[in-house]
Amino acid sequence: MTDYSTLLNPEQCAAATAEDGPLLVLAAAGTGKTRTLVYRVAHLIEKGVPAESLLLLTFTNRAAKEMLERAKAVAGPSVGHLWSGTFHHVCNRFLRRFADRLGYGNNFAILDQDDAVSVLNTCMKELGYVRKDFPKKEVIASLISSASNRMLSVQEYLDTSSKALEASPSDIVRIAQRYQERKLIENMMDFDDMLVNGLRLLKEHEEVRNSYQQKFRHVLVDEYQDTNLLQAQMVDLLAAHHRNIMAVGDDMQCIYTWRGADFNNIREFSKRWPDSRIIKIEQNYRSTPDILRIANACAAKAPEAFKKTLRSTREPRNKPRVLILRDGDEQSRAIITLVQRYLDDGYSLSDMAILYRAHFHSIELQMALARTRLPYVITSGLGVFEQAHVKDVLAFLRVCENPRDYLAFTRLMGMLSGVGEKTVEALWAKLGGSFETRSPEMRAKLVGLLKPTARGQWQGVDRLFADYHSEGLNLRGTEAIERFCETFYTTYLHRAYENPEKREEDIHELALQVTKSQGGVAAFLQEVALLTNIDREYEKLAANNEPTLHLSTVHQAKGLEWKVVFVIWVSEGMFPSSRSLEESGNDEEERRLFYVAVTRAKDELILCAPGMRKMRDGGMFFCKPSPFIKEIPRENIRESYGNR
DNA sequence: GTTGGGAGAATTTTT
DNA sequence: TTCTCCCAAC
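Let us look at the structure shown here. (Residues numbered from 1 in each chain as written. Chains lettered and ligands numbered in written order. Predicted model: local features only at pLDDT ≥ 70, side-chain atom pairs only at ≥ 80, totals over all residues. Heavy atoms only, no water.)

**Overview of the overall build of chain A**
Logical step 1: Tallying secondary structure elements over chain A gives 29 helices and 19 strands in all.
Logical step 2: Taking 26 Å as the expected radius of gyration for a compact globule of 644 residues, we find that chain A reaches 26 Å, a close match to that expectation.
Logical step 3: C-alpha atoms of chain A, sized along the principal axes, occupy 80 × 60 × 50 Å.
Logical step 4: Looking at chain A as a whole, 57% of its 644 residues qualify as buried.
Logical step 5: When contacts within chain A are restricted to residue pairs at least 6 apart in sequence, long-range pairs at least 24 apart make up 77% of them.
Logical step 6: With the model as given, the accessible surface of chain A reaches about 27,500 Å², and the carbon-plus-sulfur share is 51%.
Logical step 7: Taken together, the 86 basic and 86 acidic charged side chains of chain A have centroids lying 1 Å from each other. (Helix = DSSP H or I, 4+ residues; strand = E, 2+ residues; numbered from the N terminus. Rg over C-alpha atoms; globule rule 2.2 N^0.38 Å. Buried < 20%, exposed > 50% of the residue type's maximum accessible area, 1.4 Å probe, protein only. Contact = heavy atoms within 4.5 Å. Areas by Shrake-Rupley, 256 points an atom, 1.4 Å probe, with all protein chains shown as cover. Lys, Arg positive; Asp, Glu negative; His and termini not counted. Charge placed at Lys NZ, Arg CZ, Asp CG, Glu CD.)

What follows is the structure in structure tokens.
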């Protein structure tokens, strides 16, 4: 038996080796939460719990992967059999087996954000909501999403939310219903449906519920403070039989309420599990005392239910800096100067990160970095898989795999010149609402329906459909994509987009990616929507060893740490974001976000506050340093002005 | 019905 | 300033 008390501190050890039964672990930032979870897994396996009866839910794929690797290192390769991943991933696994019980096909397609909005748009047009003053499709989409993540009907959600809308609730309810129908008919689920239907499966189908309840002897949840109502119920249900639930989180780090996260899940955990134990982990191993004092000062002003004070284990070093700067350009120059100084001090570029509230805050800096040729990676807003050209290629594969995928069909046919929205709609209707590429008759019928000009372009694709199935290209996705490009897409790409070379590279990379997925094209398509850009960026980072500066939003930086952390645009209106403050209740979340940003830093923390924004129209906008800066006890910082 | 050009709006966080 | 959507000309 491993002696965990030599590897972990007493608090961590208590959590990792706790007896069976419900357990809530309140682990503040930088206290070795991942380490504790890893050793918990190792401990359970050592005790003889089979890996496949462990369920480890994490917030990102990255966290899942990291934990799995570390657990393997500690407890051996058998750990690989445990179930781990995001809620969406786990639901996906459930639904791939049982979606048919809810009226979907098990090969349903997953809609990403854009797909969802465009399906919704179709519904709105269909129902005749095209008035100018009608709320935008994105607004409706977010309403519907908010409702499902809070487990309310659209009607109920509209009743409780005070937002003024240019539409009557009944109109929105009608649109939402139509949207729901369409997804069912076309065999598609959006991100929210994955959770909603995953939970429905457990609630409504007793034998499914029983089998998973029996199967998972231990359920472990990371970042529990960011679960929403659906997720909390799912966890409770899955753990109901064996009653071994371990929720790990920190209510001060709840930064996803805008997406439905509800920290009452963590606050009221002991009400739902009355016999649960609570373990607090407060020893911070990450940051210097001065950095933690800033974090503690920030947390002290938050009306939190669980008071935690971070205790540093480290010796004092340099005090954090606050830079008061003229504008964004001066900020960029100051950062580059400091980065170079830290390099001279012996830090590597990969020890440093630059964090910000919103992606657009980083644009000036990106240009400045490019000019000085400092290599950087940015976990960008748009995912690789969300870019138009990648979706074009995926549409081809989707049509091959799923005859009911109208969205993909529209996208694919729309690439033919001379074919637009109306034509596709008519074709789809004439085909009877599905297009089976396996059927020669169906394909011939489509060819027959096309106008001569379109037919010429389509012929290559049509032949490829035949080959796809007869030659087993569904198991050789790389080849399928390459042939699609040869016969059709490269030509289209050059016609339709401005920078075809860059896009061709992306597609080449996509083609390589398909092969990685074991279950062929079908499995790849199922995974693709759930794979985020972040995961891929990190893979790239791991693959090339060149040290790189890291740019990221605070949200995406959650769970990560660097020796040197810059936070830029800590100015009024930017951080806290004025847009967010407009909505009531969000000011506390901004505070938590700042707390998360500060606690990413190990040695050096630099807060930058430019005093002027250049607006897009050329105007200027003056802003004071953020209120978060004013709260910091003076003795914990070095303050400086200008580009030094 | 399709396509391209021009006017207009607009700048959060993501599975 | 850049992207998006709408309208008017093929």
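**Digging into the packing of aromatic side chains**
Logical step 1: Considering all chains together, one arrives at 27 aromatic pairs under this definition.
Logical step 2: Taken together, a centroid distance of 5.8 Å and an interplanar angle of 80 degrees make the contact between Tyr4 and Tyr39 edge-to-face. Taken together, the residues Tyr4 in the segment before α1 (10-16) and Tyr39 in helix α2 (residues 33-46) connect sequence positions 35 residues apart.
Logical step 3: Residue classification places Tyr4 among the buried residues on the basis of a relative accessible area of 4%.
Logical step 4: On the basis of relative accessibility, which here comes to 9%, the residue Tyr39 falls in the buried class.
Logical step 5: The aromatic ring of Phe108 is capped on one face by Arg96, whose charged end is 3.7 Å from the ring centroid.
Logical step 6: A cation over a ring is seen here: Lys558 above Phe59, with NZ or CZ 4.2 Å from the ring centre. (Phe/Tyr/Trp six-rings, centres within 6.5 Å; stacked < 30°, edge-to-face > 60°. Lys NZ or Arg CZ within 6 Å of the ring centre and 35° of its normal.)

**Looking at helix α15 (residues 328-344)**
Logical step 1: For α15, built from 17 residues, the straight-helix expectation of 24 Å at 1.5 Å per residue is met to within 8% by its first-to-last C-alpha distance of 24 Å.
Logical step 2: Buried residues of α15: Gly328, Glu330, Gln331, Ser332, Ala334, Ile335, Ile336, Leu338, Val339 and Tyr342, and no others.
Logical step 3: In the core, the buried residues of α15 are packed alongside β11 (321-325), β12 (352-356), α16 (363-372), β15 (562-567), β16 (601-610) and β17 (612-614).
Logical step 4: N-capping of α15 is provided by Asp327, with a side-chain oxygen placed 3.3 Å from the backbone N of Asp329.
Logical step 5: Once α15 finishes, Gly346 follows within two positions and takes phi at roughly 105 degrees, a positive value. (Expected span 1.5 Å × (residues − 1). Polar contact = N/O pair within 3.5 Å; in protein donor to acceptor, adjacent residues only side chain to side chain.)

**Things to note about the sheet that holds strand β2 (residues 54-58)**
Logical step 1: The six strands are arranged β3-β2-β6-β7-β1-β8 in an open sheet whose pairing can be described as parallel. Edge positions in the open sheet fall to β3 (83-86) and β8 (277-281), since each of these has one partner strand only. Direction aside, neighbouring strands of the sheet carry axes that sit 15 degrees apart on average.
Logical step 2: Sheet analysis places β2 next to strand β6 (residues 218-221), joined by four bridges and oriented parallel. Within β6, the position partnered with Leu54 by the bridge is His218. (Pairing = 2+ DSSP bridges. Axes fitted to C-alpha atoms, helices over the stretch in contact; angles between N-to-C directions.)

**With respect to the sheet that holds strand β14 (residues 549-553)**
Logical step 1: Read from one edge to the other, the open sheet built from seven strands follows the order β13-β14-β12-β15-β16-β11-β19, with strand pairing classed as parallel. Sheet topology places β13 (376-378) and β19 (638-641) at the edges, where each strand pairs with a single neighbour. Neighbouring strand axes in the sheet, compared pairwise and without regard to direction, differ in orientation by 20 degrees on average.
Logical step 2: Pairing analysis gives four bridges linking β12 to β14, with the strands arranged parallel. Pairing of Leu355 across the sheet is with Ser552, part of β14.
Logical step 3: Against the sheet, α15 engages β11, β12, β15 and β16, with an angle of about 145 degrees to β11.

**Brief notes about helix α10 (residues 206-215)**
Logical step 1: Along α10, the residues classified as buried are Val208, Tyr212 and Gln213. Take α10 and look down its axis: the buried residues cluster within an arc of 125 degrees, on one side only.
Logical step 2: In this structure, the buried residues of α10 make contact with β3, α4 (87-98), α9 (191-204) and α11 (229-238). (Arc of directions from axis to C-beta.)

**Considerations on the pattern of salt bridges**
Logical step 1: One pass over the full model with this rule turns up 43 salt bridges.
Logical step 2: A salt bridge links Glu66 to Arg70; the shortest N-O distance between them is 3.1 Å. Highlighted residues: Glu66 and Arg70, both in helix α3 (residues 61-75), separated by four residues, approximately one helical turn.
Logical step 3: Residue class for Glu66 comes out partly exposed when judged on its relative accessible area of 33%.
Logical step 4: A salt bridge links Glu589 to Arg592; its shortest N-O distance comes to 3.0 Å. (Salt bridge = Lys/Arg side-chain N within 4 Å of Asp/Glu carboxyl O.)

**A few points about the environment of Glu436**
Logical step 1: With respect to the helices and strands, Glu436 occurs in the loop between α19 (421-430) and α20 (440-449).
Logical step 2: For Glu436, a relative accessible area of 22% gives the class partly exposed.
Logical step 3: For Glu436 and Arg404, which are 32 residues apart along the polypeptide, the C-alpha to C-alpha distance reads 8.0 Å.
Logical step 4: Beyond its immediate stretch of four places on either side in the chain, Glu436 contacts Pro403, Met442 and Arg443.
Logical step 5: Looking at Glu436, its side chain comes within polar contact range of the main-chain nitrogen of Arg438, at 3.0 Å.

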